[in-house]
Amino acid sequence: MYTPPAFRDDDRGALCALMRAAPFANLVTATVAGVECTPLPLWLDPEEGPLGTLYGHVARANPHWRVAAVGETLAIFSGPDAYVSPGWYATKQETGKVVPTWNYLTVHARGPAEFFEDAERLLDVVTRLTNSHEADRAAPWAVSDAPETFIRAQLRGIVGLRLPIATLEGKRKMSQNRSAADREGVAVGLSQSDSPGDRAAGRLVPLP
């Protein structure tokens, strides 16, 4: 990932927080047959390994897990993003030398993907994934709420994924390269948008 120094994010805590807050990732693997890409939710165990380990599962019918990888597998997580209008910059009034851009957060986690079929490991993965998304509900659903025979049958239709993170890259492009006045204009412009995503990105623009 091309990351100019102004946009590089090496704060592991912040990167882990984004992976937990936006767990729906794109899993990308280069293979001899071409590139495989699967969108899927991933669960991060931050304590397993130096940089953490990701877990998830894919459908057994998905060819992604069957084709040998060439090199490491990449998991791409995306945070808030928004179009930035040059009309929001103070510089527009001063020189007119401005163009549109896009603000965004992203995390790239790479490592050797391991796919597995063991039923007990699969049950552990789906239980952890479910618990992480049900935790804040008033009446959380648990995997154990369904009949055990039904769950066991469902597990036969999926394959587990373990991805120990070997490299972790973060990019936080939120107008840091602009002047304080320009950043303030971007924050105000995004705050007035009807889009919740735009407003979320606006709150991440660093202000003086």
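Quick caveat, the model's predicted, so the values are computed rather than measured.

J.: I'm lost on the overall build of the chain in this one. Help?
T.: Within the chain, the regular secondary structure consists of 6 helices and 10 strands. Here the C-alpha coordinates of the chain stretch approximately 70 × 45 × 30 Å along the principal axes. Pairs at least 24 residues apart make up 73% of the contacts formed inside the chain by residues separated by at least 6 positions. For the chain, the accessible area works out to roughly 11,200 Å², and carbon and sulfur atoms hold 55% of it. Averaging the locations of the 21 positively and 24 negatively charged side chains of the chain gives two centres separated by 5 Å.

J.: What should I look at first to understand the nonpolar core in this one?
T.: As a rule of thumb, soluble globular proteins bury nonpolar side chains together. In this structure, Met19, Leu42, Leu54, Ala75 and Phe77 are the most contacted members of the largest nonpolar core, which totals 33 residues. Contributions of two or more residues to this core are made by helix H1 (12-21), strand S2 (24-31), strand S5 (53-59), strand S6 (73-84), strand S7 (101-111), strand S9 (158-164) and helix H5 (180-191). One finds Tyr55, Val143, Ile151 and Leu155 within the second-largest nonpolar core, a separate group that totals 11 residues.

J.: Mind showing me how you'd approach the pairing of S2 here?
T.: Looking down a regular strand, the side chains alternate between one sheet face and the other. Along S2, the buried face is formed by Ala25, Leu27, Thr29 and Thr31; none of Phe24, Asn26, Val28 and Ala30, which line the opposite face, is buried. The sheet contact formed by S2 and strand S3 (residues 34-41) spans 8 bridges and is antiparallel. Bridge pairing links phenylalanine 24 to proline 41 in S3. The antiparallel hairpin formed by S2 and S3 contains 2 residues in its connecting segment. Bridging between S2 and S6 involves 3 bridges; their strand directions are antiparallel. Looking at S6, one finds that leucine 27 is bridged to alanine 75.

J.: I would appreciate a short explanation of unusual backbone geometry in the present structure.
T.: Negative phi values dominate among residues other than glycine, just as trans dominates among peptide bonds. Of note, serine 175 is a non-glycine position whose phi angle comes to about 70°, a positive value. Tracing the sequence through the fold places serine 175 in the loop between strand S10 (167-173) and H5.

J.: Help me understand empty space enclosed by the protein, please; the structure alone is not making it clear to me.
T.: Picture a little ball the size of a water molecule; that probe, rolled over the atoms, points out where space is still empty. Going through the model one piece at a time under the given rule, you end up with 1 cavity of 30 Å³ or more. Reported here for the largest cavity is a volume of approximately 50 Å³. Along its surface, the largest cavity is lined by Asp9, Ala14, Leu15, Leu18, Leu105, Thr106, Val107, Gly170, Lys171 and Arg172. Its residues assigned to classes, the lining of the largest cavity comprises 5 nonpolar, 2 polar and 3 charged.

J.: How do you make sense of the pattern of salt bridges when you look at a structure like this?
T.: Two side chains with opposite charge may pair up if their charged atoms get near one another. The full count for this structure, using the stated rule, is 13 salt bridges. In this structure, glutamate 169 engages arginine 110 in a salt bridge whose closest nitrogen and oxygen atoms are separated by 3.8 Å. Here glutamate 169, found in strand S10, pairs with arginine 110, found in strand S7; they are 59 residues apart in sequence, far enough to count as distant. We classify glutamate 169 as partly exposed; its relative accessible area is 27%.

J.: Whenever I open this one, the environment of alanine 30 confuses me. Can you help?
T.: Tracing the backbone shows alanine 30 in strand S2. Through-space distance from the C-alpha of alanine 30 to that of glutamate 72 is 8.0 Å; in sequence the pair is 42 residues apart. Not counting residues up to four positions away in its chain, the partners in contact with alanine 30 are Ala68, Ala69 and Val70.

Calculation notes
Residues numbered from 1 in each chain as written. Predicted model: local features only at pLDDT ≥ 70, side-chain atom pairs only at ≥ 80, totals over all residues. Heavy atoms only, no water. Helix = DSSP H or I, 4+ residues; strand = E, 2+ residues; numbered from the N terminus. Contact = heavy atoms within 4.5 Å. Areas by Shrake-Rupley, 256 points an atom, 1.4 Å probe, with all protein chains shown as cover. Lys, Arg positive; Asp, Glu negative; His and termini not counted. Charge placed at Lys NZ, Arg CZ, Asp CG, Glu CD. Core = buried A, V, L, I, M, F, W, Y, C linked by side-chain atoms within 4.5 Å. Buried < 20%, exposed > 50% of the residue type's maximum accessible area, 1.4 Å probe, protein only. Pairing = 2+ DSSP bridges. 1 Å grid on protein atoms, 1.4 Å probe; cavity = no way out; pocket = protein on both sides within 12 Å on 5 of 7 lines; lining within 4 Å. Points joined across faces, edges and corners; volume = space filled by probe spheres on them. Nonpolar A, V, L, I, M, F, W, Y, C, P; charged D, E, K, R; others polar. Salt bridge = Lys/Arg side-chain N within 4 Å of Asp/Glu carboxyl O.

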